[in-house]
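Analysis of the macromolecular model
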Amino acid sequence: KKEIVLPTREVITPSDVEQQLEEPWIVYGWREPDSEEIERRQMRRQRTLADVRCLRARLRAEGITFEQHLEAELRGQKEAMLKVLGDVQSALETGTEPDLEAIQKYATLVGIPLRIWKDKGGNPPTLEGLFRFMESDAYRSLAYLQIRAHLWADILTGDAEIEEGDVMDIEHLGAVLPYAAVVVTDRRMRNRIRRLGLDQRYNTKVFAMADIDELLR
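Residues numbered from 1 in each chain as written. Predicted model: local features only at pLDDT ≥ 70, side-chain atom pairs only at ≥ 80, totals over all residues. Heavy atoms only, no water.

For the rest of this paragraph, the subject is empty space enclosed by the protein. Summary: where empty space remains is shown by rolling a probe the size of a single water molecule over the atoms. As enumerated under the stated definition, the model contains 1 cavity of 30 Å³ or more in all. Taken as a whole, the largest cavity spans an internal volume of roughly 60 Å³. Along the walls of the largest cavity sit Q77, T108, L109, I112, P113, I116, Y139, L142, Y144, L145 and R148, which together make up its complete lining. Counted by class, the lining of the largest cavity contains 8 nonpolar, 2 polar and 1 charged residues. (1 Å grid on protein atoms, 1.4 Å probe; cavity = no way out; pocket = protein on both sides within 12 Å on 5 of 7 lines; lining within 4 Å. Points joined across faces, edges and corners; volume = space filled by probe spheres on them. Nonpolar A, V, L, I, M, F, W, Y, C, P; charged D, E, K, R; others polar.)

The following block contains the structure:
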């Protein structure tokens, strides 16, 4: 087992990383948080929660349905990517090291579609080629994207209380639900996944910790 340690600037620049990797690797980032970082993370979570609740209030006032917002989630990937690319580029140009939140957004909104596009051939090899791929049925049908879109559409157009952990739960579930035989989450998310039929769609069993007896059978 080998470990390569790279500065943040190189980690978020795919070409720099690829030059140093001669075989498939799992690339992860980690920085031991100090008390200030822990406080900033908590503030970000609270700010994100407030933003999500405000968004739901606006969508409900506009009468947006689940189906309408599901389409908006699937269509909005390009705009989200452009926003993250702009933020990272600005930070690099000013010599400011991107914070953890920016790196996480880059990995999710840029890194994942970029890697999938390259695996599909990466043609034409331009930014416009990437955007064209992201608008295709092949991209829109990806399990990770479909799961995130369905869960967000349900949360933002539903009546259930939005909780702080929902944002990260959606990211984690989008990553594991298509590949795991068994997934354990909280009761609310279990019910949501089952109601949306995502467990049957991706052939996995979803439980909450309250289902421990059923899980161990």
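Anyway, onward from the coordinates.
So, about a nonpolar patch on the surface. Taken together, the side chains of V182, V184, M209 and I212 make up a nonpolar region of the molecular surface, amounting to roughly 330 Å² of accessible area. Relative to the helices and strands, M209 is located in the loop between β2 (205-208) and α13 (212-215). (Patch = residues over 30% accessible without salt bridge, like charges linked within 9 Å, V, L, I, M, F, W, Y side chains within 5 Å. Areas by Shrake-Rupley, 256 points an atom, 1.4 Å probe, with all protein chains shown as cover. Salt bridge = Lys/Arg side-chain N within 4 Å of Asp/Glu carboxyl O. Helix = DSSP H or I, 4+ residues; strand = E, 2+ residues; numbered from the N terminus.)

Burial of strand β1 (residues 182-185) is one-sided: the residues V183 and T185 facing one way are buried, the residues V182 and V184 facing the other way are not. Direction of pairing for β1 relative to β2: parallel, over a ladder of 4 bridges. Note on β2: the bridge partner recorded for V184 is F207. (Buried < 20%, exposed > 50% of the residue type's maximum accessible area, 1.4 Å probe, protein only. Pairing = 2+ DSSP bridges.)

For the rest of this paragraph, the subject is unusual backbone geometry. With the exception of glycine, the majority of residues adopt a negative phi angle, and the majority of peptide bonds are in the trans configuration. Here the amide bond leading from N123 into P124 is cis, since omega sits at -10°, within 30 degrees of zero. Inspection of the secondary structure assignment puts P124 in the loop between α6 (100-119) and α7 (127-134). Positive phi values are uncommon outside glycine, yet N203 reaches one of about 55°. On the accessibility criterion, N203 (69% relative accessible area) is exposed.

So, about the side chain of Q146. Here Q146 lies in helix α9 (residues 143-157). Using a relative accessible area of 10% as the deciding quantity, one classes Q146 as buried. A distance of 2.6 Å separates a polar atom in the side chain of Q146 from the backbone oxygen of R140. Residues in contact with Q146, not counting those within four places in the same chain, are L74, R140, S141, R201 and Y202. (Polar contact = N/O pair within 3.5 Å; in protein donor to acceptor, adjacent residues only side chain to side chain. Contact = heavy atoms within 4.5 Å.)

On to the pattern of salt bridges. For the coordinates displayed, the defined rule picks out 15 salt bridges. Taking the shortest distance from any N to any O, the salt bridge between E36 and R40 comes out at 3.9 Å. On the criterion of helical spacing, the pair formed by E36 and R40 is a turn pair, its members being 4 residues apart in helix α3 (residues 35-61). E171 is the partner of R148 in a salt bridge, and the nearest nitrogen-oxygen pair spans 3.0 Å. Linking R148 in helix α9 with E171 in helix α10 (residues 166-176), this pair joins segments that are 23 residues apart in sequence. Neither R148 nor E171 differs from the other in exposure class; each is buried. Among the charged side chains, a salt-bridge network with shared partners connects E71, R75 and R140.

The next subject is the packing of α10 against helix α11 (residues 187-196). In contact at an axis separation of 12 Å, α10 and α11 are set at 50° when each is read in the N-to-C sense. Considered as vectors, α10 and α11 are oriented oblique to each other. As for how α10 packs across α11, the hand of that crossing is right-handed. In this structure, α10 contributes D166, D169, I170 and L173 to the contact, and α11 contributes R188, M189 and I193. Along the lines of polarity and charge, the residues of the contact of α10 with α11 split into 4 nonpolar, no polar and 3 charged. (Axes fitted to C-alpha atoms, helices over the stretch in contact; angles between N-to-C directions. Parallel < 35°, antiparallel > 145°, perpendicular 65-115°, else oblique. Left-handed = near helix turned anticlockwise from the far one by under 90°.)

Taken as a whole, helix α4 (residues 66-75) has its buried residues at H69, L70, E73 and L74. Looking straight down α4, one finds its buried side chains confined to an arc of 145°; they lie on one side. Residues of α4 that are buried sit in contact with α3, α5 (77-93), α8 (137-140) and α9. (Arc of directions from axis to C-beta.)

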